[in-house]
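Understanding the architecture of this molecule
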Amino acid sequence: MSPRLASSRSVFVVPLAAVLAAALLASCSSASPDASASRTPSESPVSAGPTPSPQAGSAEPGPESSPAETEEAPPASPTPPAFDATARSIDDPSSLWVVSDKLRPLDPVDYASSDLVTADVASQNPPTLRAEVAAAVVEMFAAGEAEGAGAFQVQSAYRSYATQVEVYDGWVAQLGQVRADAQSARPGFSEHQTGLALDISPVPLSCALQACFGDTPQGEWLAANAWRFGFLLRYPADKVAVTGFTFEPWHFRYIGPELATEMHETGVTTLEEFFGLPAAPDYAG
């Protein structure tokens, strides 16, 4: 090869190598990843603002917590105690809950209360009753009159055993024993003998010891309100087969406010049914 040819080839080769080198560098530069990906932590850009931190004293609930678990449940209301039907005797004639009917004579049959007093109310016969009953009658009569039912009076109250003998024998003489037994208790079986029962009539006197008393303002008021004062309409019209006595809307028996309220609220109308006693339509002998 001649010296001239060699020299010209060298001149041509050098510029071509420079072009290829420049192209290779440009290719490497465009294919390289973002520079920020290769920065070290110290080279990270400053954030736009400070990272918020939890407030002092605050605690974030855990993944399992819920409002129901973090709030205290309200205290449960206390359950009222159940009525105790055994709180008083139903056999002792001195008990306010004594049950006397045609199958349950008083024991002793000639029982007489030791705390009899005279109630300060109008009456057809002496309004003798046990002290607690007398006070309740005074209150009941005053309330009935104040509430527009009219005036009341006691038709009959306590009767001793001897008095009940006279009363019952009089009914037998007038009506015969079968009919007498339907409306008058035999001696020793009468609620009047306990000092807890009374017969009520209106003032002025009308419908005394008759079913029509139930249709008077006084009779209607008593039927609806006597329980408030501890009294029970003892012989309802629909319970003759249970009590053994005809409907007596005038005859009220004191059983005390506690039992009277319980019977009113439960809708039980006879002592036999309330205490689970057998019906007493007739005397055993």
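Scoring rules and cut-offs
Residues numbered from 1 in each chain as written. Predicted model: local features only at pLDDT ≥ 70, side-chain atom pairs only at ≥ 80, totals over all residues. Heavy atoms only, no water. Helix = DSSP H or I, 4+ residues; strand = E, 2+ residues; numbered from the N terminus. Buried < 20%, exposed > 50% of the residue type's maximum accessible area, 1.4 Å probe, protein only. Contact = heavy atoms within 4.5 Å. pLDDT = per-residue confidence, 0-100. Pairing = 2+ DSSP bridges. Arc of directions from axis to C-beta. Expected span 1.5 Å × (residues − 1). Disulfide = S-S within 2.5 Å. Phe/Tyr/Trp six-rings, centres within 6.5 Å; stacked < 30°, edge-to-face > 60°. Salt bridge = Lys/Arg side-chain N within 4 Å of Asp/Glu carboxyl O. Polar contact = N/O pair within 3.5 Å; in protein donor to acceptor, adjacent residues only side chain to side chain. Core = buried A, V, L, I, M, F, W, Y, C linked by side-chain atoms within 4.5 Å.

**Describing the overall build of the chain**
Tallying secondary structure elements over the chain gives nine helices and six strands in all. Expressed as a percentage of its 285 residues, the buried residues of the chain come to 35%. Put simply, 66% of the contacts in the chain that link residues at least 6 apart link residues at least 24 apart.

**Section: the confidence of the model for the chain**
As a note on interpretation, predicted positions should not be read in detail where pLDDT is low. Per-residue pLDDT for the chain averages 83, and the proportion of residues at 70 or more is 75%. Contacts of residues 1–54 to residues separated by more than four positions or lying in other chains number four contacts, the stretch itself having pLDDT below 50.

**Quick look at the pairing of strand E6 (residues 251–254)**
Both faces of E6 are covered, namely the face carrying His251 and Arg253 and the face carrying Phe252 and Tyr254. Here strand E5 (residues 231–233) pairs with E6 via three bridges, running antiparallel. Note that in E6 the partner of Phe231 across the bridge is Tyr254.

**As for helix H8 (residues 257–266)**
Turning to H8, its buried residues are Leu259, Ala260 and Met263. Taken end-on, H8 shows its buried residues confined to a sector of 100°, consistent with a single buried face. At its buried positions, H8 is contacted by E5 and helix H9 (271–274). With its phi angle positive at about 80°, Gly267 sits one or two positions after the end of H8.

**Structural notes on helix H3 (residues 131–146)**
An α-helix turns once every 3.6 residues. As a result, residues three or four positions apart point the same way. For H3, spanning 16 residues, the distance from its first C-alpha to its last is 23 Å, which sits close to the expected 22 Å at 1.5 Å a residue. Looking one or two places after H3, you find Gly148, whose phi comes out positive at around 90°.

**What to know about the state of the cysteines**
According to the stated counting rule, one finds one disulfide in the structure shown. Between the sulfur atoms of Cys207 and its disulfide partner Cys212 the distance amounts to 2.1 Å. Disulfide Cys207 to Cys212: torsion about the S-S bond roughly -125°, handedness left-handed.

**Things to note about unusual backbone geometry**
In this chain, Asp107 is followed by Pro108 through a cis amide linkage whose omega measures 10°. Here Pro108 shows up in the loop between helix H2 (67–70) and strand E1 (116–118). Of note in the backbone geometry, Cys207 takes a positive phi value of approximately 50° without being a glycine. Note on placement: Cys207 falls in the loop between strand E4 (197–203) and helix H6 (217–225). A positive phi is found at Leu209, a non-glycine position, where the angle reads about 55°. With respect to the element layout, Leu209 can be found in the loop between E4 and H6.

**Things to note about the packing of aromatic side chains**
Evaluation of the coordinates by the stated rule reveals ten aromatic pairs. Geometrically, the ring pair formed by Phe83 and Phe274 is edge-to-face, given 5.8 Å between the ring centres and 80° between the ring planes. Linking Phe83 in the loop between H2 and E1 with Phe274 in helix H9, this pair joins segments that are 191 residues apart in sequence. Relative to Phe275, the ring of Trp97 lies with its centre 5.9 Å away and its plane at 40°, an arrangement referred to as tilted. With Trp97 in the loop between H2 and E1 and Phe275 in the segment after H9, this residue pair connects regions lying 178 residues apart in the sequence.

**Points about the pattern of salt bridges**
Scanning the model with the defined rule gives nine salt bridges in all. Across the pair Arg104 and Asp91 runs a salt bridge, and its minimum N-O distance is 2.5 Å. A residue pair is termed long-range when its members are at least 10 positions apart, and Arg104 in the loop between H2 and E1 and Asp91 in the loop between H2 and E1 qualify at 13 residues. Among the ionic pairs, Arg234 bridges to Glu191, the shortest N-O distance being 2.7 Å. With Arg234 in the loop between E5 and helix H7 (240–243) and Glu191 in the loop between helix H5 (177–183) and E4, the pair connects residues that are 43 residues apart, well separated along the chain. Summarising the burial analysis for this pair, Arg234 and Glu191 share the class buried.

**Regarding the side chain of Glu272**
Tracing the sequence through the fold places Glu272 in helix H9. For Glu272, the side chain forms a polar contact with the side chain of Arg234, separated by 2.9 Å. Those residues in contact with Glu272 that sit more than four places away from it in its chain are Val99, Asp101, Arg234, Val242, Thr243, Leu277 and Pro278.

**A few points about the nonpolar core**
Most often, soluble globular proteins keep nonpolar side chains buried together rather than apart. By size, the foremost hydrophobic cluster in this structure holds 40 residues, and its most contacted members are Val137, Met140, Ile200, Phe231 and Phe275. Taken together, the elements giving at least two residues each to this core come down to H3, strand E3 (151–156), E4, H6, E5, E6, H8 and H9. Top contributing element to this core by residue count: H3, with seven residues. Once residues lying within four places of it in the same chain are set aside, the contact partners of Met140 are Ile200, Trp221, Leu222, Ala226, Phe229 and Phe231. Of all hydrophobic cores here, the second largest spans five residues; its members include Phe189, Tyr235, Phe245 and Tyr283.

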